Amino acid sequence: MAAEIQPKPLTRKPILLQRVEGSQEVVNMAVIVPKEEGVISVSEDRTVRVWLKRDSGQYWPSIYQVMPSPCSCMSFNPETRRLSIGLDNGTISEFILSEDYNKMTPVKNYQAHQSRVTMILFVLELEWVLSTGQDKQFAWHCSESGQRLGGYRTSAVASGLQFDVETRHVFIGDQSGQVTILKLEQDSCTLVTTFRGHTGGVTALCWDPVQRVLFSGSSDHSVIMWDIGGRKGTAIELQGHNDKVQALSYAQHTRQLISCGGDGGIVVWNMDVERQETPEWLDSDSCQKCNQPFFWNFKQMWDNKKIGLRQHHCRKCGKAVCGKCSSKRSSIPLMGFEFEVRVCDSCHEAITDEERAPTATFHDSKHNIVHVHFDATRGWLLTSGTDKVIKLWDMTPVVS
Ligand SMILES: [Zn+2]
Ligand SMILES: [Zn+2]
């Protein structure tokens, strides 16, 4: 008897193109080589590998270089094929890759940090190499002379580094949860401002130079969009992960943010949506709906001979409400809450189904992501996981 054929629902999701395997330890960073079927990876196992797709359809190393120390981070400039590799011992090693990606030639070493290099950015326009280290230093070097140009001590170890070439502002996100903005000159820098919005450390930063918006991902599971260029200076929270946000990438042409987490989640956010800031939480001695006192309001409790209630907050209006007046949950995508959160009963009634429509899509990479790279020209996403595997995804079904 023939099985009944059910029409499959049309689910748009990333398509797994390739698994690139062979590293002995976790691949801390990797990039897709533009216009080539290739990947450059640096790993905790001390190797730098360039993987090219062979006739078999598999990716095999065309370059396999062992470094003196674990490779913590990298920056690759496709125009010059310059590869800057940050090492656990504080050194940055620079190489030039041959046109066919079969050879890498050493150029120079920078003694940039006292300990593990955490982030590197090579800025071709200024011939600068920006870096941060476990030594809590931000430093920049001239890539022509190899000379150190300047430095700045951050409040904690940095794990996010972005640069605006046009205005020479650098954004440094650190493990204390702070983002520091510096303005760089040739050999000096000035502190512009610092801001703080996360309750956990900053794990990743992503700068969109067109909209002048900075995204920060955190171990507190959230992403914050900082409207740096806008006059209002708004900060919008995006809640769509159940675990640490580990990596961010922005698809400028479609205005979508890709955030990846320790839960394996790949979340694609539509940033064309106008979102609102979450309200300040109001403080009150009693529920702002039913006027029942909260438990610390001893005097009123005594007067009314009532048992105090626990104070909760409606995520939509910010009012302090008791549990009874906020018994329902709702997602509020236009405030960045893709998951259900506590709302007061009147807000619950007021939220329309239209307002509840998700503004992000959720996908499972099936590995704990530590790093991502997005190749906008092909719509490919690279994810690197704690399972030592690199996965290549075709994102065009969801990033378009
Ligand atoms: Zn409310
Ligand atoms: Zn109440």
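These numbers were taken from a predicted model, which means no experiment stands behind them. (Residues numbered from 1 in each chain as written. Chains lettered and ligands numbered in written order. Predicted model: local features only at pLDDT ≥ 70, side-chain atom pairs only at ≥ 80, totals over all residues.)

Here the focus is unusual backbone geometry. In this structure, R46 is a non-glycine residue whose phi angle is positive, near 80 degrees. Among the secondary structure elements, R46 is positioned in the loop between β3 (38–43) and β4 (47–53). R46 sits in the partly exposed class, given 17 other C-beta atoms within 10 Å. A positive phi is found at R212, a non-glycine position, where the angle reads about 55 degrees. Of note, R212 is situated in the loop between β18 (202–208) and β19 (213–218). Since 16 C-beta atoms lie within 10 Å of it, R212 is described here as partly exposed. (Helix = DSSP H or I, 4+ residues; strand = E, 2+ residues; numbered from the N terminus. Buried ≥ 20, exposed ≤ 12 C-beta atoms within 10 Å, placed from the backbone.)

So, on to the sheet that holds strand β17 (residues 189–196). One open sheet holds the 4 strands; their spatial order is β14-β15-β16-β17, and the pairing between them is antiparallel. In this open sheet, the two strands that pair with only one neighbour each are β14 (158–164) and β17. Each strand of the sheet is rotated relative to its neighbour by a mean of 20 degrees, with strand direction disregarded. Relative to strand β15 (residues 169–174), β14 runs antiparallel, the two being bridged by 6 bridges. Pairing of G160 across the sheet is with G173, part of β15. (Pairing = 2+ DSSP bridges. Axes fitted to C-alpha atoms, helices over the stretch in contact; angles between N-to-C directions.)

A few words now on the UniProt feature "repeat: WD" (unreviewed entry) in the protein. UniProt annotation of "repeat: WD" (unreviewed entry) refers to residues 20–51, 195–228, 238–279 and 362–395 when read in the numbering used here. For residues 20–51, helix accounts for 0% and strand for 59%, while the C-alpha atoms at its two ends are 8 Å apart. For residues 238–279, helix accounts for 0% and strand for 50%, while the C-alpha atoms at its two ends are 14 Å apart. (UniProt positions renumbered as here; feature names shortened; annotations may be inferred.)

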